Structure formats: structure tokens, C-alpha cells
Amino acid sequence: MSEQSIAGSETVEKQKHVPLFRLAAKNFSSYKWINLKMAFVFACLAFLFCLFTGYNRAIGDERERMVGGAVSQNYILYSASNSKGIPKNYKALEEKYCAPYCTPEAIENPISYAYLGFATRMSATLGHMITTGIARYLAVTVDGKGVSPQDDTFLLYAADTNFPFSENDYKELEYRFGTREILYGEFPEKEGEVALSEPFLLNYGLGKEDIGKHVSLQITGEEKPFFEGTLTGVIAKEFFELTGHSAAYSGLHLPSIFFPEDDPLFKGVGSGISYYYPCEPIEDEDLIDEMYTLGFNFAGKLFVSTVHNIDNIQVLANTLYVIIGSSLGVGLVLTVFLMMGKYMKVFARSSGIFMTFGMPRGSLNLLLLAQLLILAAITVPVSAVLTVAGYYVIGLLMNTATGVSLTITAAKLAGMLALGILVVAAITLLTFAYMAFRLRKRSVRELLVTEVN
């Protein structure tokens, strides 16, 4: 009897009462090296499967997150100054850049409004150039009480009609903030009514609870307010955080003050903006660059470029998965089969000894399964650590190379661990079935004379 054999240290009577898992653990301990090598190979197989599957899923999740969190950028914007007027070939350009992506209704009736800034007017009134610090030159009173700005650099733009909210705005708002509420109250419908953006109000210590109050807006140095009347509505601050309407988007002057259509304030001044909402995102980057030079601007230009990068990364990842993953997978499977031969010989020798002391074949199968379960229990945490570490390393390399960062949530970690457990369980059961089938008809004598190299 081998020194490493459990039977060498147990009497026949004692062995009959040794619990199966304790016997399996002792047998596992007797051949630590081969068991640990088997566990490591199992872990590498699970790691390989989980890493590529989890990584590809993470790329897909990142793409979905970006699309869901940036869908408000899907619009074409045309801005024309009144001094320049609308170019003669405007309709031809509209037909070229907008018609292929928009419905006929969107082309015939684009959502348009006029806007104006206050920097020029303030500069003329005060006698010096005003480019920053605009809010400090705007006197605001609410129900006769003056309020001061917290940030006096707040820029001011006004619009003369209902600001265009698209379904994509609502989709991104719901995706990112869990709400579809953009407008509190109502847009102004007649002279003497105004709506204000929530960021504007917050800068003056006000909020949507001030709807219905009397508001006065006056430029410092002018004899009378340019507006005096009722606050009818407030545009939620979340709207101005949408990717298609944030202040960070260059070239788009977001209004803070909203007047009724055809308000006298806009006569002879201001600029016109038209919005065209495509049915599908525009993905032709060359076309986007071309339309930009002619006055049309696709708001999602940067977004399209980033999504294309992610798509290219996913194609590369899938290619690597097929080439490298398949090669490594085949190599690991062959390694498992090679190691399984020696593992089976070791177990066969021990089985012959156990059967000599009266252990039935059914119990041997249970013992084999118990040993493999112990092996699997060691494999699972090792594969989980390898997978998470590999995920972070590849994610770090990708972020360094492309600027696209992948995040891993607790739910995703749990999913990867569950996947690893399933892979390990499948490998364990296949190994058990293979070994049990190969050993099922061997006699005690054949098992005892098994040579272990």
C-alpha cells in the first residue's frame, strides 16, 4: 500500500465509517500537486470563457449606455444670422443633408425659433465690451424683491417661442434621470408672460415654486425693464444636462429666458435656429463634416465618432476571441485530457485499495464525484480572480489606447462569477462522466496493478 494512500493509515473497520467527503479530502490531500494542477487548468478554461464573454458584453453594455445616454444629440441644427439671411441654396442643402434622414413632415415644418444674446445690448448700454460677467448687469426682481446672482458670469440667451423638445430628449431624460418631466408649468402664450430655465432661477436662489409670481428683468443702465410680467413656466435643469443640449456643446446658444412667439423684443435682432430630427442616427462622418461647413450641424458628431470606435473595438475583440480564444481553448482542453489520464490512474490505484477493503463500486463513484467537487470548489475563486484581474487589465489597456473606459458593476461581477461556476460545473461533470465510464468494468486486480508514471 502506498504511503500516499488513505488505506495505509486506516483499518478496515475504521474506513467503513469515514465520511465520504472526509475520505475524498484526504485522498485529495495525498496527491496535492496533480489536484492543484487540475484545478488551475480548470480555472484557466473558465477564465478564458468568462473573460471574453464578459468583456464583449461589457463593450455591448458600454455602447448601449452611450446610445441611451446620448440619444438627445440626434438632430440636425441650422443657424442663420438675420444679417446674413438665408442662403439662396438653402432648400437644396436642406434636401441633401436633411431629407434622406428625416420624414417629409420634419422637412416641411422644422421646429424653429429666434434667439438673441444680451452681450451686445449690454455693451452698448454700459459703453464697454461685455463678454463675461453678464449676470451681474441683469437686475432681477420677484414680487418686487430684488435678487442677486450667485454666479455673475452666467450667460444669457432668449428665445421667442416654445423650445423644441424631441422624443429623443425624453428618452435620454428617462434613461439618465428617471423622469420625463422637462417643463414645469406652461410656456408663455402672450405678452407679459415668460418662462425661465431652472439653472437661471437657481443662480438667483429661485426655483419652480416661484411659478405664478411677478418677475422683472432689467439691464443695468436702461430706463425700464425689457420684461415685466408673470412667470408661467420653468424648464427643468436636467434638460440642460442632456448631451444634445448641454452648455459644453459648442455652437449652440441655449436659451435661459423664453418669450411668446413674435415678441417685440426680437424685432430686427436675433438669429434663427431650425431643428431637424432624423428618424435614425446619421453615421456618415464625411457627410457630417461637409454639412458643418455649409451651416448645417449634426449635434451628434462626436457621439458618432465614439460609437464607431466602440464598434471597431468590438469587431477586434470578436476576432481575437475567435483566433486567440479558440487556440488557447483547444490547448487547455488537450492539457485537461492529458492530465486526466494520470489523474485517473491515481484514482484507479486508490479505488483498488478501497475495493479490497470492501467499498462497493457505487461508493467509488460518489467518492470520485466528491473529489471533483472539492477540486471545483478550489477552481471557482481562482477563475473569478483571474477573470476580474484580466478584465481590469484589458480595460485599462483599452482606455489608454482609445479613451473608451469600461465599468464593471457588482451585478456584472456576480454574473461573471455565476458563469464561471457553470463552466467549472460543466467541466467537472464531464470529467466525472469520462472517468466513471473508463473505470466502470475494471476488476480489483486491474485497479491494483495500475502504474502511475
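Our structure is the block above this text.
In this text the structure is predicted, and so the values were computed from the model without any measurement.

Definitions and limits used
Residues numbered from 1 in each chain as written. Predicted model: local features only at pLDDT ≥ 70, side-chain atom pairs only at ≥ 80, totals over all residues. Heavy atoms only, no water. Helix = DSSP H or I, 4+ residues; strand = E, 2+ residues; numbered from the N terminus. Buried < 20%, exposed > 50% of the residue type's maximum accessible area, 1.4 Å probe, protein only. Contact = heavy atoms within 4.5 Å. Areas by Shrake-Rupley, 256 points an atom, 1.4 Å probe, with all protein chains shown as cover. Core = buried A, V, L, I, M, F, W, Y, C linked by side-chain atoms within 4.5 Å. Salt bridge = Lys/Arg side-chain N within 4 Å of Asp/Glu carboxyl O. Phe/Tyr/Trp six-rings, centres within 6.5 Å; stacked < 30°, edge-to-face > 60°. Patch = residues over 30% accessible without salt bridge, like charges linked within 9 Å, V, L, I, M, F, W, Y side chains within 5 Å. Arc of directions from axis to C-beta.

A count of helices and strands for the chain gives 13 helices and 12 strands. Within the span of the chain, comprising 453 residues, buried residues form 46% of the whole. Across the chain, the fraction of contacts at a sequence separation of at least 24, relative to all contacts at a separation of at least 6, is 79%. A total accessible area of about 22900 Å² is found for the chain, and carbon and sulfur atoms account for 59% of it.

In this structure, Tyr343, Leu375 and Met435 are the most contacted members of the largest nonpolar core, which totals 42 residues. When residues of this core are assigned to their parent elements, the largest contribution, 11 residues, is made by helix α10 (residues 301-356). Judged by nonpolar contacts, the second largest core, of 34 residues, contains Phe118, Val215, Phe227 and Leu231.

The next subject is the environment of Leu254. Examined against the element boundaries, Leu254 turns out to sit in the loop between β9 (227-235) and β10 (257-258). When its relative accessible area of 12% is taken as the criterion, Leu254 is described as buried. Remark: the alpha-carbon pair of Leu254 and Ala158, spanning 96 residues in sequence, is separated by 8.1 Å.

This paragraph deals with the side chain of Asp160. Mapped onto the fold, Asp160 is located in the loop between β5 (157-159) and α7 (167-177). The class for Asp160 is buried, based on a relative accessible area of 10%. Apart from the residues lying within four places of it in its own chain, the contact partners of Asp160 are Tyr113, Ala114, Phe259, Pro260, Glu261, Asp262 and Phe266.

Tallying each qualifying case throughout the model produces 8 salt bridges. Here Asp152 makes a salt bridge to Arg136, at a shortest N to O gap of 3.2 Å. Highlighted residues: Asp152 in the loop between β4 (145-147) and β5 and Arg136 in the loop between α6 (119-126) and β3 (138-142), separated in sequence by 16 residues. Judged by its relative accessible area of 47%, Arg136 falls in the partly exposed class.

Glancing now at the packing of aromatic side chains. Inspection of every chain in the model, using the stated rule, returns 10 aromatic pairs. Both rings, one in Phe165 and one in Phe239, keep their centres 5.0 Å apart while their planes meet at 65°; by these two values the pair is edge-to-face. Remark: Phe239 occurs in the loop between β9 and β10 and Phe165 occurs in the loop between β5 and α7; sequence separation between them is 74 residues. Each member of the pair, Phe165 as well as Phe239, is classed as buried.

Our next topic: a nonpolar patch on the surface. On the surface, a cluster of nonpolar side chains totalling about 530 Å² of accessible area is made up of Leu316, Leu320, Val322, Ile323, Ile324 and Leu328. Along the chain, Leu320 turns up in helix α10.

Considered for burial, the residues of helix α9 (residues 285-292) that qualify are Leu287, Ile288 and Met291. What you see down the axis of α9 is that its buried residues fit within an arc of 100°, all on one side.

What follows covers the side chain of Ser256. Take Ser256: it is sitting in the loop between β9 and β10. Looking at Ser256, the relative accessible area reads 6%, which means it is buried. Setting aside residues up to four positions removed in sequence, Ser256 forms contacts with Phe154, Leu155, Tyr157, Ala195, Leu196, Ser197 and Phe200.

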